[in-house]
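Inside the fold
Single-letter residue listing:
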Amino acid sequence: MRVPARHAVRGIGLLCAAALSLTACASSSTTGSGSANTASSASAVQAALAKGGTITVWAWEPTLKQVVTDFEAKYPKVHVNLVNAGTGDKQYTALQNAVQAGNGGPDVAQIEYYALGQFALGKSVQDLSGFGAASLSSSYSPGPWSSVNIGGGVYALPMDSGPMALFYNKKVFDKYGLTVPTTWAQYLDDAKKLHAADPNAYITNDTGDAGFTTSLIWQAGGHPYKVDGTKVSVDFTDAGSTAFTSTWQQLVSAKLVAPVNSWSDQWYKGLGDGTIATLASGAWMPANFVSGVPGASGDWRVAPLPQWQAGQNASAENGGSSLAVMKASANQDLAYGFLQFANAGAGVQDRIKGGAFPATTADLNSSAFLNTAFPYFGGQKANQIFAQSAKNVVKGWQYLPFQVYANSIFNDTVGKAYVSSTTLTQGLQAWQDASVKYGSQQGFTTG
């Protein structure tokens, strides 16, 4: 599930001062079964669950409360201390403080996919390969699984996913005779027609968002980030980035996108009254419509994401989190047992019932899941669209090992294109330059 208004705090990307420091970030107090230097096993995990003990889980995702209840019922000798240490970057700050202090951290932490790389490179989360996690590769859809595989290791288990789709206001589309776009070129045409018919209505809102921008570049086949250990490169001149800027610049220049911040009161109002007609977002979005825009129930529908080239079926991820075992945990076998239950076992159903979108292929392909009707979307079986999107996620995407920091400077670079004469291409170049400079300062080999 995406964290609303996820804006990284400047400097949070400072996991350690340099690459050499990154390799020494984790606390050395990795004791107990399944410690950092010990390859565990399924039998060791089961033995630990039977013996019992206490683990602490830092997570903000609400459906985990039921997961913990059912986990403790199955393993009565295990107690899980579930702590909300803050959402997104707030938790990451607290987590990094604990890593640097060498104590006070959790056994398990919820970490969004875009942020996982820097914790993995910092060696503060455990490579789960020793637990046999690699054998679960076929259990998850491609996007989430590739996000937890970093440098040949498996550093978390996927908790959910955010395959993208287009949410559109059918009432507005019918009113103005708009066709549901199958390409971004058609989307641009719809934007022009809608705004011409009603100057107060916009095809969507956008004031500049790092996650949204990179997701559309991802869908376009872009690979601006390339990471090989501490070697990183950033290139926003690739074909995918160019495809994005060539279309999106027209929307921005012609003022065809509402200058409204997502998750603001004005944004919810626009979704409700039809002045914001579409959202290209992750499959976690339906619950936000139900809770945030109840008055528009029945007006909205879901469609596949428009394509950069007609006839393609490409998609991307937008949002989503994993659960990782902290390397400093003295109870790694218990911690991994919880991960298995929550993200590969019965806990998955708890989360689906609570409104989460799964990353597990078995659930994505189940008839019960696919045939779920969404009253909010006029009875549409929207999961069929989301599940297909999950299968169509373009493979090979990578995030920077300091993506949290990179995202924190997005508004100072690319964001200028929304409020000045700076173009998106110029903004992306500035973002690239600033990211490369930062990486070099932190000891990464950049190019």
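Residues numbered from 1 in each chain as written. Predicted model: local features only at pLDDT ≥ 70, side-chain atom pairs only at ≥ 80, totals over all residues. Heavy atoms only, no water.

1. Looking at the overall build of the protein chain
- The helix and strand tally for the protein chain stands at 20 helices and 15 strands.
- Here the C-alpha radius of gyration of the protein chain, 22 Å, is about what a compact globule of 447 residues would show, namely 22 Å.
- Taken along its principal axes, the extent of the C-alpha atoms in the protein chain is 65 × 50 × 35 Å.
- Taking all 447 residues of the protein chain together, 55% fall into the buried category.
- Nonlocal contacts in the protein chain, meaning residues at least 24 apart in sequence, comprise 77% of its contacts between residues at least 6 apart.
- For the protein chain, the computed accessible surface area is about 17100 Å², with 52% contributed by carbon and sulfur atoms.
- If you average the places of the 27 positive and of the 26 negative side-chain charges in the protein chain, the two averages end up 1 Å apart. (Helix = DSSP H or I, 4+ residues; strand = E, 2+ residues; numbered from the N terminus. Rg over C-alpha atoms; globule rule 2.2 N^0.38 Å. Buried < 20%, exposed > 50% of the residue type's maximum accessible area, 1.4 Å probe, protein only. Contact = heavy atoms within 4.5 Å. Areas by Shrake-Rupley, 256 points an atom, 1.4 Å probe, with all protein chains shown as cover. Lys, Arg positive; Asp, Glu negative; His and termini not counted. Charge placed at Lys NZ, Arg CZ, Asp CG, Glu CD.)

2. Brief notes about the nonpolar core
- Core analysis: the largest hydrophobic core is formed by 53 residues, its most contacted members being Ile-111, Tyr-336 and Phe-338.
- A per-element tally of this core places helix H13 (residues 332-344) first, with 7 residues.
- Excluding residues that lie within four positions of it along the chain, Ile-111 makes contacts with Tyr-92, Leu-95, Leu-116, Phe-119, Val-125, Ser-321, Ser-322 and Ala-324.
- Judged by nonpolar contacts, the second largest core, of 52 residues, contains Leu-178, Ala-210, Trp-218 and Ala-316. (Core = buried A, V, L, I, M, F, W, Y, C linked by side-chain atoms within 4.5 Å.)

3. Examining the packing of aromatic side chains
- A full pass over the atoms with the stated rule returns 39 aromatic pairs.
- When the centroid spacing of 5.9 Å and the interplanar angle of 80° are considered together, the rings of Trp-397 and Tyr-399 count as edge-to-face.
- The buried category is assigned to Trp-397, whose relative accessible area is 7%.
- Here the aromatic cluster, defined as three or more aromatic residues joined through ring pairs, consists of Phe-167, Phe-289, Trp-300, Phe-357, Phe-369, Phe-374, Tyr-376, Phe-377 and Phe-386. (Phe/Tyr/Trp six-rings, centres within 6.5 Å; stacked < 30°, edge-to-face > 60°.)

4. Regarding the confidence of the model for the protein chain
- Per-residue confidence for the protein chain averages 90 on the pLDDT scale, and 91% of its residues sit at or above 70.
- Across residues 1-38 the pLDDT falls below 50, and counting only partners more than four positions away or on other chains, this stretch makes 101 contacts in the model. (pLDDT = per-residue confidence, 0-100.)

5. Quick word on the sheet that holds strand E10 (residues 231-234)
- Here 3 strands make up an open sheet; going across it, the order is E9-E10-E15 and the pairing mixed. The sheet terminates laterally at strand E9 (225-228) and strand E15 (445-446), the two strands that pair on one side only. (Pairing = 2+ DSSP bridges.)

6. A look at helix H4 (residues 89-101)
- Given a rise of 1.5 Å per residue, 13 residues ought to cover 18 Å, and the 18 Å separating the end C-alpha atoms of H4 matches this to within 8%.
- When we look at burial in H4, the residues that qualify are Asp-89, Gln-91, Tyr-92, Leu-95, Gln-96, Ala-98 and Val-99.
- Looking at the buried positions of H4, the neighbouring elements they touch are strand E1 (53-58), strand E3 (108-112) and helix H5 (113-121).
- Downstream of H4 by one or two residues, Gly-102 has phi in the positive range, about 85°. (Expected span 1.5 Å × (residues − 1).)

7. Focus: the environment of Gln-126
- Among the secondary structure elements, Gln-126 is positioned in the loop between H5 and helix H6 (142-148).
- A residue is classified by how much of its surface remains accessible, and Gln-126, at 7% relative accessible area, is buried.
- Gln-126 sits 200 residues away from Met-326 along the chain, and the two C-alpha atoms are 5.7 Å apart.

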